[in-house]
Amino acid sequence: MKRHSSAKSLQGLAPALDDSAHAWHHSDQQLQNTILKGSPVPNSRMVAFEGRLSARDAEDLVAYMKSLWNERALRCQGAKHMDPGCMTH
């Protein structure tokens, strides 16, 4: 039985956007760019929403995502997550 091409794109779960996954390892700008431009990873399930969402929409989505994060994820967001002291405090 041949699978419909859209069925393949729906396989698996997307990464969590709360603080249980790695979204907080990226800066606000990186997250906004991924929302608008899609993932730079080849064959990624994260498609671009540019043209359907505005830059302001992407900012609002990132603000919502960050409302799901704990204090540590907020403090250690982006490049700071690599700082050894960030994760211990």
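In this report, the structure presented in the accompanying data block is examined.

## Quick notes on the overall build of the protein chain
Along its length, the protein chain carries 4 helices and 0 strands. Tracing the protein chain from N to C terminus, the helices and strands come up as α-α-α-α. Of all 89 residues assigned to the protein chain, the portion counted as buried reaches 20%. In the protein chain, 52% of the contacts between residues at least 6 apart in sequence involve partners at least 24 apart. Only carbon and sulfur atoms are counted for the fraction: they give 60% of the accessible area of the protein chain, which is about 6,600 Å².

## Some thoughts on the side chain of Asp19
Mapped onto the elements, Asp19 comes out in the loop between helix H1 (5-9) and helix H2 (28-37). Although buried, Asp19 forms no salt bridge, and the nearest oppositely charged side chain, Arg72, lies 6.1 Å from it. There is a polar contact of 2.7 Å between the side chain of Asp19 and the backbone nitrogen of Asn70. Beyond its immediate chain neighbours, meaning those up to four positions away, Asp19 contacts Trp24, Leu68, Trp69, Asn70 and Ala73.

## Structural notes on the layout of surface pockets
In this model, the largest pocket occupies a volume close to 720 Å³. Lining of the largest pocket is provided by 22 residues; of these, Pro15, Leu17, Leu31, Thr34 and Met46 occupy positions nearest its centre. Per element, the largest residue contribution to the lining of the largest pocket is 4 residues, and it comes from H2. Here the lining of the largest pocket is built from residues that sort into 15 nonpolar, 6 polar and 1 charged.

Analysis parameters
Residues numbered from 1 in each chain as written. Predicted model: local features only at pLDDT ≥ 70, side-chain atom pairs only at ≥ 80, totals over all residues. Heavy atoms only, no water. Helix = DSSP H or I, 4+ residues; strand = E, 2+ residues; numbered from the N terminus. Buried < 20%, exposed > 50% of the residue type's maximum accessible area, 1.4 Å probe, protein only. Contact = heavy atoms within 4.5 Å. Areas by Shrake-Rupley, 256 points an atom, 1.4 Å probe, with all protein chains shown as cover. Lys, Arg positive; Asp, Glu negative; His and termini not counted. Salt bridge = Lys/Arg side-chain N within 4 Å of Asp/Glu carboxyl O. Polar contact = N/O pair within 3.5 Å; in protein donor to acceptor, adjacent residues only side chain to side chain. 1 Å grid on protein atoms, 1.4 Å probe; cavity = no way out; pocket = protein on both sides within 12 Å on 5 of 7 lines; lining within 4 Å. Points joined across faces, edges and corners; volume = space filled by probe spheres on them. Nonpolar A, V, L, I, M, F, W, Y, C, P; charged D, E, K, R; others polar.

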